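Here's the letter readout for the chains.
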Amino acid sequence: QVQLVESGGGLVQPGGSLRLSCVASGSIITINVMGWYRQAPGKERELVADITRTGSTNLADSVKGRFTISRDNAKSTVYLQMNSLNTEDTAVYYCGAKKWGNRWYDYWGQGTQVTVSS
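Residues numbered from 1 in each chain as written. Predicted model: local features only at pLDDT ≥ 70, side-chain atom pairs only at ≥ 80, totals over all residues. Heavy atoms only, no water.

## Side note on the packing of aromatic side chains
Each aromatic ring pair is summarised here by two numbers: the centre-to-centre distance and the angle between the ring planes. Taken as a whole, this structure holds 3 aromatic pairs when the rule is applied. Each ring, one from Y37 and one from Y105, has its centre 5.3 Å from the other, and the planes form 80 degrees; the classification is edge-to-face. Within this pair, whereas Y37 is found in strand β4 (residues 31–39), its partner Y105 is found in the loop between β9 (91–99) and β10 (107–108), the two being separated by 68 residues in sequence. In this pair, the class of Y37 matches that of Y105, namely buried. Joined through ring pairs, the aromatic side chains of Y37, Y105 and W108 make up one cluster. Stacked on the ring of W108, the Lys or Arg R45 has its end atom at 4.7 Å from the ring centre. (Phe/Tyr/Trp six-rings, centres within 6.5 Å; stacked < 30°, edge-to-face > 60°. Helix = DSSP H or I, 4+ residues; strand = E, 2+ residues; numbered from the N terminus. Buried < 20%, exposed > 50% of the residue type's maximum accessible area, 1.4 Å probe, protein only. Lys NZ or Arg CZ within 6 Å of the ring centre and 35° of its normal.)

Right under this line is the structure:
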């Protein structure tokens, strides 16, 4: 089993920045991909960004140039640096982890709220 704990959400004005963190614990050796998803009210959960254990990244088109995903394997932590935030980024952000060879995510955190508002 793997446990994921997110932190770093909050209220920020448009144009501002936030950094989310997700710390993994448990059987982390089984994990290859870690990622961030988000879900806004009335919308489906969508991929924001993900990163493999070796550092290959994938970002949604809507956040390219504004968000950066990074990972510190020694700390079992993945980060999401979010810059130039706008109201459309308001959502609950979830950290997920995927085992080696799996197509779908196996573990999820509890989510952290990000609200962009003036």
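## A word on the nonpolar core
Counting 30 residues, the largest nonpolar core has L4, M34, W36, F67, L80, M82 and Y93 as its most contacted members. Listing elements by their share of this core, those giving two or more residues are β1 (2–7), β3 (18–26), β4, β5 (46–51), β7 (67–72), β8 (77–82), β9 and β11 (112–116). Contacts of L4, omitting those with residues within four sequence positions, involve C22, V23, A24, M34, C95, G96, A97, Y107, W108, G109 and Q110. (Core = buried A, V, L, I, M, F, W, Y, C linked by side-chain atoms within 4.5 Å. Contact = heavy atoms within 4.5 Å.)

## A few points about unusual backbone geometry
Even without a glycine there, the phi angle at S76 is positive, about 50 degrees. Residue placement: S76 occurs in the loop between β7 and β8. Positive phi, close to 50 degrees, is recorded for S84, a residue that is not glycine. When you line up the elements, S84 lands in the loop between β8 and β9. Note on S84: relative accessible area 43%, which makes it partly exposed.

## A look at the state of the cysteines
Using the criterion set out here, one finds 1 disulfide in the structure. Sulfur-sulfur distance for the disulfide between C22 and C95 comes to 2.1 Å. The disulfide joining C22 to C95 has a torsion of about -80 degrees about its S-S bond and is therefore left-handed. With C22 in strand β3 and C95 in strand β9, this residue pair connects regions lying 73 residues apart in the sequence. For C22, a relative accessible area of 0% puts it in the buried group. (Disulfide = S-S within 2.5 Å.)

## A few points about the side chain of D50
Note that D50 resides in strand β5. Although D50 is buried, it makes no salt bridge; K98 carries the closest opposite charge, 5.3 Å away. Not counting the four nearest positions on each side in its chain, D50 is found in contact with V33, M34, G35, S56, T57, N58, I69 and Y105. (Lys, Arg positive; Asp, Glu negative; His and termini not counted. Salt bridge = Lys/Arg side-chain N within 4 Å of Asp/Glu carboxyl O.)

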